[in-house]
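Coordinate inspection notes
This is what each chain is made of:
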Amino acid sequence: MADARDAGVKAEDEVVDLCRELIAIDTSNYGDHSGPGERAAAEYVAEKLDEVGVEPAVYESHPGRSSVVARIPGADPGRAPLLIHGHLDVVPADAADWTHHPFAGELVDGCVWGRGAVDMKDMDAMVLAVLRQRLREGRTPPRDIVLAFLADEEAGGTWGAKWLVDQHPELFADCSEAISEVGGFSVTVAENRRLYLIETAEKGIAWMRLKARGTAGHGSMVNDDNAVTELADAVARLGRHRFPVQLTTTVRTFLEEVCAEFAIPFDEDDVEATVARLGTVAGMIGATLRHTVNPTVLNGGYKANVIPGTATAEVDGRFLPGLEDEFFAEVDRLLGPKVTREFIHHLPAVETEFEGGIVSAMSQALMAEDDGAKAVPYCLSGGTDAKSFQTLGIKNYGFAPLRLPPELNFSGMFHGVDERVPVDGLRFGVRVLDRFIDLS
């Protein structure tokens, strides 16, 4: 690879190597500090920024759990800065399940393979590549850019974004808007037409521990106060319950745009039929039509002939923006009076308007590189570090632009086996991000 400090090195060429090298740094997050941590990746990013004259700061919230923050001055210091953030950690991967080793960063069949290829070392690499080229060429952004490469997003951001917002809010307090992951990717609707999904909303997160109490006793006796039975009934009610469709502003706008593209009427009574037209992303979009609760863990008892006095379960709840109170009211109704709940992790829903100069900048940048592009807002069924930054009043958008081949199951790559990102997509993303910065 050419010397990255050479002004002749272009972001489109460098982005592939940056992505591969980031993937090769194992930053698996097991949620309990037992993984390798993000320190090595943070030092890598800091070095790449230092090479082009940026002075990054590395913050360590816990041994090995490191984040990098830097500020690039813009032409107009009076404007509120733009925050661009990405996370350095990844979910674990078992190499035995993969076609190519998840931490090798192999380049095969026109794709970069490995854990983090789409979640989200691809965007980390695109951002680094774009800003390194701009700085080598002496190109100043219109306004200050605050960069944050963060730890611990995959476990809720406690030791990354949330820690920084709590401990060092001054780093981001003057930022007005932010861009990050899980948005800006294409969904093909016709040969020369692609929707680019901009994330403007996220469901809230409620990971809950349920507990039932009963009367302990011998397994051979009749027991009408069995904690395991009570808990099992409550878990079954939750798991089988189907919340009604409720269209938030973002989801409604998205569905109306989809219907317009397919030239079909918007039928509010059958929105799932509209979602079904979206192919591989239908599952992700479908989960934003309603609240969801999925049981994930069951614990109760310690011996086959002993009825325990308590039993516990864990569930993953996701609630729609603006509808949190009614979600928990229904959960409590389903649990009944004998089962209590407590939070393992609770993060708010997020929703931002799809309007204004930053949205125009995204649309223009996409259309300049793809004349078949149309930017549309959508709601993410999962969560990102936007949940932490929104507490500072920052408007958050998912915008990691990728033009994808229609046959690629992109949404299935997140936390999946054989995660990979097309090289052409990375290069496209670099071009779009570069234009976006100039327009923003």
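What counts and what doesn't
Residues numbered from 1 in each chain as written. Predicted model: local features only at pLDDT ≥ 70, side-chain atom pairs only at ≥ 80, totals over all residues. Heavy atoms only, no water. Helix = DSSP H or I, 4+ residues; strand = E, 2+ residues; numbered from the N terminus. Expected span 1.5 Å × (residues − 1). Buried < 20%, exposed > 50% of the residue type's maximum accessible area, 1.4 Å probe, protein only. Contact = heavy atoms within 4.5 Å. Pairing = 2+ DSSP bridges. Axes fitted to C-alpha atoms, helices over the stretch in contact; angles between N-to-C directions. Parallel < 35°, antiparallel > 145°, perpendicular 65-115°, else oblique. Left-handed = near helix turned anticlockwise from the far one by under 90°. Arc of directions from axis to C-beta.

**Notes on helix H10 (residues 357-369)**
- When the terminal C-alpha atoms of H10 are compared, their 19 Å separation across 13 residues agrees well with the 18 Å that a helix rising 1.5 Å per residue should span.
- Taken together, the buried positions of H10 are Ile358, Val359, Ala361, Met362, Ser363, Ala365 and Leu366.
- Those residues of H10 that are buried are in contact with strand S3 (82-87), strand S7 (177-180), strand S9 (193-202), strand S17 (373-380), strand S18 (395-398) and helix H12 (423-439).

**A look at the sheet that holds strand S10 (residues 204-213)**
- Spatially, S12-S14-S10-S15 is the arrangement adopted by the 4 strands of the open sheet, whose pairing is antiparallel. Strands with a single pairing partner mark the edges of an open sheet, and in this sheet they are strand S12 (292-300) and strand S15 (339-347). Looking at each pair of strands side by side, their axes are set apart by 20 degrees on average, direction ignored.
- Both S10 and S15 contribute to a ladder of 8 bridges, which runs antiparallel. Of the residues in S15, the one forming a bridge with Ala212 is Val339.
- Set on the sheet, helix H5 (residues 227-240) makes contact with S10, S12, strand S14 (310-319) and S15; between it and S14 the angle comes to about 15 degrees.
- Across the sheet, helix H9 (residues 324-335) touches S10, S12, S14 and S15, and the angle it forms with S15 is around 150 degrees.

**A look at the packing of helix H1 (residues 11-23) against helix H2 (residues 39-50)**
- At a minimum axis separation of 10 Å, H1 and H2 run at an interaxial angle of 155 degrees. Taken together, the axes of H1 and H2 lie roughly antiparallel to each other. Judged by the sense of rotation from one axis to the other, the crossing of H1 with H2 is right-handed. Contacts between H1 and H2 involve Asp17, Leu18, Glu21 and Leu22 on the former and, on the latter, Tyr44, Val45 and Lys48.

**Overview of H9**
- Taking 1.5 Å of rise per residue, 12 residues should cover 16 Å, and H9 covers 17 Å from first to last C-alpha, within 8% of that figure.
- Within H9, the full set of buried residues consists of Phe327, Phe328, Val331, Leu334 and Leu335. Here the buried residues of H9 occupy an arc of 120 degrees about the axis, which is enough to place them on one side. Away from its buried face by more than 90 degrees, H9 exposes Asp325 and Arg333.
- Where H9 is buried, its residues touch S10, H5, S12, S14 and S15.
- Two residues or fewer after H9 comes Gly336, characterised by a positive phi angle close to 85 degrees.

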